[in-house]
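What follows is the residue order along each chain.
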Amino acid sequence: MTLFRIFILRRLLQQPLATAGTLVGVALGIAVVIAIQMANSTSVQSFAQALETMAGKTSLEIVSTGRRIDETVLGSLGWLRQYGSISPVIESDVLVSNNQGTLESVRLLGIDILRDHPFREYQLLDFGNDGTPDPRRFLSLLLDPDSIVLTEKYARRNGFQVGSEVKVVAGDEARILRVAGLLRNIGPARTLDGNFALMDIAAAQLLVDRLGQIDRVDIKMPEGAKLGSVEQGIAARLPAGLQVQPPARRGKQVEKMLEAFHFNLTALSYIALLVGLFLIYSNISTSVIARREEIGMLRALGLTRSQALALFLGEAGFLSTIGCALGLVLARALALGAVAVTSTTVNSLYVTSQAPPPPLGVWQAVLAFGIGIPLCLLAAALPAAEASRVPPLAAIRGADRTAAGGALRTRYLLVSLVLGLAAWWLTGFAPVRGLPLAGYASALATVFAAAFAIPPALLLTLRIGGRLFHVLFGVEGTLASANLLASLRRISIPVAALVVSLAMMVAIAIMVGSFRQTVLYWVEQTLHADLYLRPAARANVATEGAISAEAEALILSDPSIEAASRYRNFDIPYGEARVTIAGGDFTTQLKHGGLLFKAPLDGLRAMERARESGGVIASESFSLRYRKLPGDSVTLPTAHGTASFRIAGVFYDYSSDRGVLVMDYATLARHFGPLRPTNLSLYLKPGADPEKVRAAILERLGDRYRYFVFTNASLKAEVLRVFDSTFAITYGLELIAIFVAILGVVTSLLTLILERRRDLVSLRLVGAERRQVRKMVMIESGIMGAVSQACGTGVGFILSLILIYVINVQSFGWTIQFHVPWAFLAQTTVLILIATVLSGLYPAYLATASTLMEQAE
Amino acid sequence: MPILVLQDVHKTYQEGETPVPAVRGVSLEVQAGELVALMGPSGCGKSTLLHICGAMDRASAGEVWLEGNRLSGLSDQEMTVLRRRRVGFVFQFFNFLPTLTVLDNIALPRLLDGAPKQETSREARELAGTLGLGDRLGRYPSQLSGGEMQRVALARAIIHKPALVIADEPTGSLDSENGLRILKLFQTLNRESGLTVVLATHSAETAAIAGRILRMRDGRLRFPSTEKETPGTASQTGGAEVPR
């Protein structure tokens, strides 16, 4: 311990900036991993927790295998009471006005209070001593179809009280409801941070336009009943079209739906950690290289090999413990940012989620230290082992220090080659449970192949470029390249770290650029209508909000409309996940639309066949995920039991990764009942001004109906907005990784400067001016940056191919056309070069800060 | 004509709160073409005085003129440029840049002054050839013997044809044979090229090559700078006569 204190801790304190750089690198790496884990679990858990709080004491639920349960079926389910209490419910997301004059998403539960009170706990504010109302009195509050019960939390936040009027938008219609009561923060009222509302089931059906339909029947088993046998018993007796399941299954489906999105974010978050590990490796190996003579001396005095190993592993352990602790503190702040950035994607593409990330818990601490410390020790293992092998005499003579730089290590090239081949081999594997594990292994192998290729690449650059550096930068260029050549082993590691993060940035930029270009093309080709309408309450496919007949009539009464295409989509369970079923006006689409077909070649003919034969067309992600091709059949749960649909064609679709099956509206109605459309596409007569028609429609709809009406241009812009916000976090994570990598360059330059202090004195003695020394140091950082940028760009191109053609296809099932965003890459190249050159500023300042004689001392 | 003039030069270092005088009131004149030895025991202040003479350090008080330039009136930048162009250095521990080849180390002062690389390399090659280093140019300093290293240091000190060469214990790290060889080189350069040299040493053998010997003790010159102690006197104090 004493040896550790005087040999390791003292050095760390003597080089506070290099130590701080490493700590910040590790802390940021850990913080990003924990933050993404927290952000991911927030969206899943907010849904699961909402599910759990809303489920209350529900043991099982009866749901439709398709969409909803027809209320008339309830009469034939009287036998369910043998298994416990039952309560029919409907659940929907509605919009409720807040004090800022905007609308907030609120989860609405419609219940029969007389049946529901054993299931869920409701306590009303100002309602007797404990707030638990008599069900009959509660019923009296709910009976008025124009009343709603909000939570105390929501009301307090927005200044509402009992008797207040609130605007509620369900579907497309805005209605004014009276707040009949306020729920204390207990039971379902805790859902979504208080964004919860309660209504009588009949009133709720009326509000959300689901007369005659319920979402599910909750069952509460008596004490002591066995869940498994009850579930089996019920399943055996249920009529076709219904199924029994524990409430948590819906959470699992959402988790599955978000799995690929979360997996990719998690993988991305590990880049910063990987770069942080490079820093640890760099710090420990620098420490070992710089102190070979001291280690040799200690070995000569009796330090055993295992003690030498323990000393340097101890250094890594010490740095990683502090780094992880700092990272943990930083993680929640980053998680808040990550949730804010990802919420647009999650809310627009998957499910409504609005909870903030949870506070840091033991689990996050276990994860931070459990991942951080072992990985840091692993990163330090190689240099620590090298320390243990230092021969006492050779080290004292300093003989092996001079031999360290300059020689081409062919084994590095060999390892790089083997890893490169492994990366190529791994691209051929199929996904595991829908996750591109081999694809990520391939990307990782590529990254390490690149890291091992760095020392030879640097050697080659410095040897060949030596003359060029002199021509470009004069004697300072020669000095800089000679210095780097002599410190090849030390600089290889921070350069490799920078290469890794830059390669990922380039790869992501190409992938996102390609994706954006593909989406742009797709949008151009497929969005032909002049106006697009959807009810304001409809945030995503999982939320309700159909276009009412009255509103549709009002809209279609506009004389400028030549044709209208109705579209309806909803989620149904499919296997372990959920897929989207959609109905569209195939006749109008055939005439006006522009779906892009992947197969067969004549997609329009396929669409026509689907219309005639009652078949479906499948999105590419459905086709890839479930391995279905044109000609195959899919079996779907419908309102009348399961039915088989033949896939007539596969079309490109980038609006969702969950898989979409589209059928003609008539086919949809035949199988799923008469459903109101959720979207309308309007084709205007020649010469009609879309903006004017839009204004006219909105005026006609008045205050009563709430709609989003997009013109063709604004919808395209909206698509790109959602697209860009989806990838905002990828750039955020990348920037952190690059920052950590540049930190690595700064810390290694600082270390080099400290080690070369004597050489700098010599240089000053023979007449080097301060500015020349500064220029030399900045050229060194510039060369490191330029080599990193060049290698990073090359490796980034390879990684982008893996991302686009392996990982993306296996995760989301999207074909992306390769497109290089040259302008973006050129800008970032210049910026990174400037950033790396500037990273030499402080080390350069340090190199010349003191007077010559102070330096000499 | 004096190349170097020191007038009542003092240098005091601060060690915490305590001022430690290293040079106390030294006045000195060095004429062009002179070879002056500064002798004295370790810690007497001769290295400090040498650093001040070579524009490496500033005096705490007094004035120093190098080729007519008053050093106290020069900025750090001007001092550096003056040092680079008009002063050459030879140190006991050589002070090479280990990352540069012998050729580049020799050429360094010229390169730092912005001289073209080709021309500088040619000059460095020629100079190295005359010093018997022609086959060592591509090597790194760590691959040379002590004697070779000091010859490289000498080559680096004179490549830019300085007005003054400062040598601090130039034979301190060498065996006697190599030490003698280097001293001969100093002598030859002084005699044949008129090179002005001020060297510091604690060895009478080394001082014996000088045309004038100045003795230093406790930061002071024992003789006035204008008085001259001959090499013969030096040998009487225990130094050996250097063969000429």
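Residues numbered from 1 in each chain as written. Chains lettered and ligands numbered in written order. Predicted model: local features only at pLDDT ≥ 70, side-chain atom pairs only at ≥ 80, totals over all residues.

Engineer: Tell me about the overall build of chain B, residues and numbers included.
Structural biologist: When helices and strands are counted, chain B shows 8 helices and 10 strands. Counting only C-alpha atoms, chain B reaches 45 × 45 × 40 Å along its principal axes. Taking all 244 residues of chain B together, 48% fall into the buried category. Of all intrachain contacts in chain B linking residues separated by at least 6 positions in sequence, the fraction that spans at least 24 positions is 70%. (Helix = DSSP H or I, 4+ residues; strand = E, 2+ residues; numbered from the N terminus. Buried ≥ 20, exposed ≤ 12 C-beta atoms within 10 Å, placed from the backbone. Contact = placed C-beta atoms within 7 Å.)

Engineer: Break down the overall build of chain A for me, citing the residues and quoting the values.
Structural biologist: A tally of regular secondary structure across chain A gives 29 helices and 21 strands. On the principal axes, the C-alpha backbone points of chain A span a range of 95 × 70 × 50 Å. Out of the 857 residues in chain A, the part that is buried amounts to 51%. Counted over contacts in chain A with a minimum sequence separation of 6, partners at least 24 positions apart contribute 84%.

Engineer: Any details on the interface of chain B and chain A? Residues and values, ideally.
Structural biologist: Taken together, the contact between chain B and chain A spans 24 residues of the former and 20 residues of the latter. Elements represented by at least two residues in the side of chain B that touches chain A include exactly helix H2 (76–86) and helix H3 (102–112) of chain B. Counting residues per element, the side of chain B that touches chain A draws most heavily on H3(B), at 5 residues. Of the residues belonging to the side of chain B that touches chain A, the class tally is 10 nonpolar, 7 polar and 7 charged. (Nonpolar A, V, L, I, M, F, W, Y, C, P; charged D, E, K, R; others polar.)

Engineer: Account for helix H28 (residues 841–848) of chain A, with residues named and values stated.
Structural biologist: All names here are of chain A. Of all the residues in H28, the buried ones are Pro843, Ala844, Ala847 and Thr848. One face of H28 carries all of its buried residues, which in axial projection span an arc of 125°. Those residues of H28 that are buried are in contact with helix H24 (712–755), helix H25 (757–765) and helix H26 (770–812). (Arc of directions from axis to C-beta.)

Engineer: So what about the sheet that holds strand E8 (residues 197–201) of chain B? Which residues, and what values?
Structural biologist: All names here are of chain B. Spatial ordering of the open sheet is given by E6-E7-E8-E3-E9-E10, a layout of 6 strands whose pairing is mixed. A strand with exactly one partner marks an edge of an open sheet, and here the two such strands are strand E6 (87–91) and strand E10 (220–221). Pairing between strand E3 (residues 35–39) and E8: 5 bridges, direction parallel. Its bridge partner lying in E8, Ala37 is registered against Leu199. In the packing of helix H1 (residues 46–53) onto the sheet, the strands contacted are E3, strand E7 (164–168), E8 and strand E9 (212–217), and the crossing angle to E8 comes to about 160°. (Pairing = 2+ DSSP bridges. Axes fitted to C-alpha atoms, helices over the stretch in contact; angles between N-to-C directions.)

Engineer: Which residues make up unusual backbone geometry, and what are the values?
Structural biologist: Omega for the bond connecting Ala599(A) with Pro600(A) falls within 30 degrees of zero, at -10°, which places this linkage in the cis form. One can find Pro600(A) in the loop between strand E15 (597–599) and helix H20 (603–613). One non-glycine residue, Asp8(B), adopts positive backbone phi at about 50°. For Asp8(B), the location among the structural elements is in strand E1 (residues 2–15). Positive phi, close to 50°, is recorded for Asp218(B), a residue that is not glycine. Take Asp218(B): it is sitting in the loop between E9 and E10.

Engineer: Can you explain the sheet that holds strand E4 (residues 61–66) of chain B? Please cite residues and give values.
Structural biologist: Residues and elements named next belong to chain B. Within the open sheet, the 4 strands sit side by side as E2-E1-E4-E5. Their pairing is antiparallel. Strand pairing shows two members of the sheet lacking a second neighbour, strand E2 (18–31) and strand E5 (69–70), which therefore form its edges. Pairing geometry for E1 and E4, over 5 bridges, is antiparallel. Looking across to E4, one finds that Gln7 is bridged to Glu63. In the packing of H1 onto the sheet, contacts are made with E1, E2 and E4, and the angle to E2 comes to roughly 60°.

Engineer: Account for H20(A), naming residues and giving values.
Structural biologist: Three- or four-residue spacings in an α-helix give side chains the same orientation, since the helix completes a turn every 3.6 residues. All names here are of chain A. Gly603, Ala606, Met607, Ala610 and Arg611 are the residues of H20 that are buried. The arc enclosing the buried residues of H20, seen along the axis, measures out at 140°, which places them on a common side. Buried residues in H20 make contact with helix H19 (586–592), E15, strand E16 (616–619), strand E18 (641–651) and strand E19 (660–664).

Engineer: Give me the packing of helix H16 (residues 475–486) of chain A against H26(A): which residues, what numbers.
Structural biologist: Helix packing for two helices is described by the angle between their axes and how far apart those axes are. All names here are of chain A. Contact pair H16 / H26: the axes reach a minimum separation of 8 Å and the direction vectors enclose 55°. Classified by the interaxial angle, the pair formed by H16 and H26 is oblique. Regarding H16 and H26, the two cross each other, and that crossing is right-handed. Residues Glu476, Gly477, Leu479, Ala480, Ser481, Asn483 and Leu484 of H16 lie in contact with H26, whose contacting residues are Gln772, Lys775, Met776, Ile779, Glu780 and Ile783. Classifying every residue of the contact of H16 with H26 gives 6 nonpolar, 4 polar and 3 charged. (Parallel < 35°, antiparallel > 145°, perpendicular 65-115°, else oblique. Left-handed = near helix turned anticlockwise from the far one by under 90°.)

Engineer: Account for the pairing of strand E14 (residues 577–584) of chain A, with residues named and values stated.
Structural biologist: Residues and elements named next belong to chain A. For E14, a buried count of 7 out of 8 residues is recorded, marking the element as mostly surrounded by other parts of the structure. Strand direction decides the pairing type here: strand E13 (residues 561–574) and E14, joined by 8 bridges, are antiparallel. Residue pairing in the sheet places Arg568 in a bridge with Gly583 of E14. Connecting E13 to the next strand, E14, in antiparallel fashion are 2 residues, including Gly575 with a positive phi near 60°. For E14 and E19, the ladder comprises 5 bridges, and the chain directions are parallel. Residue pairing in the sheet places Gly583 in a bridge with Met663 of E19.

Engineer: Please set out the pairing of strand E17 (residues 633–638) of chain A residue by residue, giving values where relevant.
Structural biologist: Residues and elements named next belong to chain A. Judged from the 6 bridges that link them, E17 and E18 form a sheet pairing that is antiparallel. The residue bridging Thr635 from the neighbouring strand is Ser644, located in E18. Counted along the chain from E17 to the antiparallel partner E18, the turn is 2 residues long.

Engineer: Describe the environment of Ile106(B), with residues and values.
Structural biologist: Residues and elements named next belong to chain B. As for its placement among the helices and strands, Ile106 is situated in helix H3. Note on Ile106: 31 C-beta atoms within 10 Å, which makes it buried. Distance in space between the C-alpha atoms of Ile106 and Lys11 is 31 Å, their sequence separation being 95 residues. Not counting residues up to four positions away in its chain, the partners in contact with Ile106 are Ala124, Leu127, Ala128, Val152, Ala155, Arg156 and Ile159.

Engineer: So what's going on with the confidence of the model for chain A? Which residues, and what values?
Structural biologist: Confidence along chain A averages 83 in pLDDT terms, with 91% of residues attaining 70 or more. Note on residues 398–406 of chain A: pLDDT under 50 across the span, and 17 contacts to partners over four residues away in sequence or across chains. (pLDDT = per-residue confidence, 0-100.)

Engineer: Break down the packing of helix H17 (residues 488–526) of chain A against helix H27 (residues 822–839) of chain A for me, citing the residues and quoting the values.
Structural biologist: Residues and elements named next belong to chain A. Contact pair H17 / H27: the axes reach a minimum separation of 11 Å and the direction vectors enclose 160°. Taken as axis vectors, H17 and H27 run roughly antiparallel relative to one another. In terms of crossing hand, the pair formed by H17 and H27 is right-handed. Each of Leu502, Met505, Val506, Ala509 and Gly513 in H17 lies in contact with H27, whose residues at this interface are Phe824, Leu825, Thr828 and Ile832.

Engineer: Hey, could you go over the confidence of the model for chain B for me, with residue numbers and the actual values?
Structural biologist: All names here are of chain B. The predicted model of chain B averages 84 in pLDDT, with 91% of residues at 70 or higher. Within chain B, the element-level pLDDT minimum falls on helix H8 (residues 231–236), averaging 40, and the maximum on E4, averaging 94. Overall, residues 224–228 carries pLDDT values under 50, and its contacts beyond four positions in sequence, including any with other chains, amount to 6 contacts. Counting interchain partners and residues more than four positions distant, the pLDDT-below-50 stretch residues 230–244 has 26 contacts.

Engineer: Which residues make up the environment of Pro141(B), and what are the values?
Structural biologist: Residue and element names in this part refer to chain B. The topology assignment puts Pro141 in the loop between helix H4 (117–130) and helix H5 (146–158). When the C-alpha atoms of Pro141 and Leu97 are compared, they prove to be 7.8 Å apart, with 44 residues separating the residues in sequence. When sequence neighbours within four positions are dropped, the list of residues in contact with Pro141 reads Phe94, Phe96, Pro98, Val102, Asn105 and Met149.

Engineer: Go over the environment of Asp558(A) with me, naming the residues and quoting the values.
Structural biologist: Residues and elements named next belong to chain A. Within the element layout of this structure, Asp558 appears in the loop between helix H18 (549–556) and E13. By the C-beta count within 10 Å, which is 18 here, Asp558 ends up partly exposed. In contact with Asp558, not counting residues within four places along its chain, are Val693, Ala696 and Ile697.

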